[in-house]
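Spelled out, the chains give:
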Amino acid sequence: MQEQYFRERQDLQRLLKGSISVLGEELLVIAEEFSEWEDSKRRVDLLALDRSGALVVIELKRTEDGGHMELQAVRYAAMISTMGFQQTVAAHAKFLRGEMASAEAAILDFLGSPEVPESFGQRVRIVLVSPDFSRELTTAVLWLNTNGLDIRCVRVRPYLLDGRTIVEVDQIIPLREAQDYTVRIKEKEQEARKAAESNIDFTRYDLTVGGQTYRNLWKRNLMWIAVSRALQAGLSVEALARIIPSRKFLAVEGELSGEEFLAAAQQARSAEGYVFRPERMFADDEHLIHARGKTVCLSNQWGLPSLPLVDKIAEAVPQLQMKYQQTLGPVDELED
């Protein structure tokens, strides 16, 4: 590469950014020259995302031995490991030179999910790209991989052919033979994930509040009634925020409805660095909660881990004597 004046950023990085699939898997480039961290001027050559929601640090070198790029990449991976979804969206918006909403939509579309997967960003992988790798580097990578890291070494070599530069790309760690085994393991994990996703919980619940019983409720309706009755009974928004995550509800000043509320909600979420997605919220006028001069909008996305939150809400408003139990017997009348 050096003999052919093949530059690292202007040539190699530019080519990979435009043809990231040559690395042998489906990746979405999130950012280039990423450096959004404090007290450091270091830059990740390319930051990407894989289909599982893992962040991928791609480190490039044009030297013949790879230098000490594995140590540099491990540092970057450690810094990236604390990166959340909204930071990723912001970095991608900057890369696209677009809006947060379009960047978020692009990421979710790539992940094939309508909402942020719980596994997002829980793993950070490393891809090292260089014309060759020294024995010391490959030994270090193999040892790091046996101790829980996920590092790939991809060799790229340019050749001159009839006045054109042809780049050969070859993954050397893990070897292609071992890669087949890795693919089988991933396919097995995907099958297990699909099986878990297909095991949908259809359990219904009966909720009693202040002597009134609401029957055959989905968990989302259970949560909405519990929160609504608690706020109407005097629970403050501040107290509610100490019980349930802030991403699960939104409170705006004034008793608003319709387009007026949606505009205020979009503005409030934008100020927090988020995108307001009304389809994931009880955002219709019938379900907006008005209490103490505020309008509260609750999420409609709740799973089994949310049930203990109902217990905490009940503890916060003991006068309501709130309690719930699983609906017994056949479900005759279904709640929306």
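What counts and how
- Residues numbered from 1 in each chain as written.
- Predicted model: local features only at pLDDT ≥ 70, side-chain atom pairs only at ≥ 80, totals over all residues.
- Heavy atoms only, no water.
- Helix = DSSP H or I, 4+ residues; strand = E, 2+ residues; numbered from the N terminus.
- Buried < 20%, exposed > 50% of the residue type's maximum accessible area, 1.4 Å probe, protein only.
- Contact = heavy atoms within 4.5 Å.
- Areas by Shrake-Rupley, 256 points an atom, 1.4 Å probe, with all protein chains shown as cover.
- Pairing = 2+ DSSP bridges.
- Axes fitted to C-alpha atoms, helices over the stretch in contact; angles between N-to-C directions.
- Parallel < 35°, antiparallel > 145°, perpendicular 65-115°, else oblique.
- Left-handed = near helix turned anticlockwise from the far one by under 90°.
- Patch = residues over 30% accessible without salt bridge, like charges linked within 9 Å, V, L, I, M, F, W, Y side chains within 5 Å.
- Salt bridge = Lys/Arg side-chain N within 4 Å of Asp/Glu carboxyl O.
- Phe/Tyr/Trp six-rings, centres within 6.5 Å; stacked < 30°, edge-to-face > 60°.
- Lys NZ or Arg CZ within 6 Å of the ring centre and 35° of its normal.

1. Brief notes about the overall build of the protein chain
And step 1. Counting its regular elements, the protein chain contains ten helices and twelve strands.
And step 2. Taking all 336 residues of the protein chain together, the buried fraction comes to 43%.
And step 3. Taking contacts inside the protein chain between residues at least 6 apart in sequence as the whole, the part at least 24 apart equals 60%.
And step 4. Counting every atom, the protein chain has about 19,000 Å² of accessible surface; 49% of that belongs to carbon and sulfur.

2. Quick notes on the pairing of strand β11 (residues 294-298)
Along any regular strand, the residues point their side chains to alternate faces of the sheet.
And step 1. Within β11, five of the five residues are buried, which leaves the element mostly enclosed by the surrounding structure.
And step 2. Residues K294, V296 and L298 of β11 are buried on one face, and the alternating residues T295 and C297, pointing to the opposite face, are buried as well.
And step 3. Of the strand pairs in this sheet, strand β10 (residues 289-291) and β11 are connected by three bridges, and their pairing is antiparallel. When the bridges of β11 are listed, H290 appears paired with T295.
And step 4. Where β10 folds back on β11, the antiparallel hairpin that results is connected by two residues, among which R292 adopts a positive phi of roughly 55°.

3. Things to note about the sheet that holds strand β7 (residues 205-209)
Paired through backbone hydrogen bonds, the strands of a sheet run either parallel or antiparallel to each other.
And step 1. Spatially, β8-β7-β12 is the arrangement adopted by the three strands of the open sheet, whose pairing is antiparallel. Every other strand in the sheet has two partners, leaving β8 (212-217) and β12 (323-326) as the edge strands with one partner each. Adjacent strand axes in the sheet meet at a mean angle of 15° when their direction is disregarded.
And step 2. Sheet analysis places β7 next to β12, joined by four bridges and oriented antiparallel. Pairing of D206 across the sheet is with Q325, part of β12.
And step 3. Contacts from helix α7 (residues 219-232) reach β7, β8 and β12 within the one sheet, and its direction differs from that of β8 by about 155°.

4. A short note on the environment of A105
And step 1. Inspection of the secondary structure assignment puts A105 in helix α4 (residues 100-111).
And step 2. We classify A105 as partly exposed; its relative accessible area is 39%.
And step 3. Separated by 16 residues in the primary sequence, A105 and V89 have C-alpha atoms spaced 9.1 Å apart.

5. Observations concerning the packing of α7 against helix α10 (residues 307-316)
And step 1. For the pair α7 and α10, interaxial distance at closest approach is 10 Å and the crossing angle is 15°. One element, α7, and the other, α10, form an angle in the roughly parallel class. Here the hand of the crossing between α7 and α10 comes out left-handed. Judged by residue contacts, K219, L222, M223, A226, V227 and A230 of α7 engage L307, L309, V310 and I313 from α10.

6. Re a nonpolar patch on the surface
And step 1. Together, L15, V22, V167 and V169 line one region of the surface with nonpolar side chains, adding up to about 240 Å² of accessible area.
And step 2. Residue position: V22 is located in the loop between α1 (8-18) and β1 (27-34).

7. Some remarks on the pattern of salt bridges
And step 1. The full count for this structure, using the stated rule, is 14 salt bridges.
And step 2. What you see here is one network of salt bridges that share partners, running through E25, D50, R123, R125, D150 and R152.

8. Here's the deal with unusual backbone geometry
And step 1. With omega at -10°, the peptide bond leading from I173 into P174 counts as cis.
And step 2. By secondary structure assignment, the location of P174 is in the loop between β6 (164-173) and α6 (176-198).
And step 3. Even without being glycine, E33 reaches a positive phi, approximately 55°.
And step 4. Mapped onto the fold, E33 is located in strand β1.
And step 5. In this structure, Q321 takes a positive phi of about 50° despite not being glycine.
And step 6. You can see Q321 is positioned in the loop between α10 and β12.
And step 7. Judged by its relative accessible area of 62%, Q321 is exposed.

9. Looking at the packing of aromatic side chains
When we look at a pair of aromatic rings, we describe it by the centre distance and by the angle of the planes.
And step 1. According to the stated counting rule, one finds four aromatic pairs in the structure shown.
And step 2. Aromatic side chains F85 and F120 sit 5.1 Å apart centroid to centroid with 85° between the ring planes, which places their arrangement in the edge-to-face category. With F85 in helix α3 (residues 85-96) and F120 in the loop between α4 and β4 (124-130), the pair connects residues that are 35 residues apart, well separated along the chain. Each member of the pair, F85 together with F120, is buried.
And step 3. Geometrically, the ring pair formed by Y205 and Y324 is edge-to-face, given 6.2 Å between the ring centres and 75° between the ring planes. Of this pair, Y205 sits in strand β7 while Y324 sits in strand β12, and the two are 119 residues apart along the sequence.
And step 4. Its relative accessible area of 6% is what places Y205 among the buried residues.
And step 5. A cation sits over an aromatic face here: K248 above W302, 4.9 Å from the ring centre.

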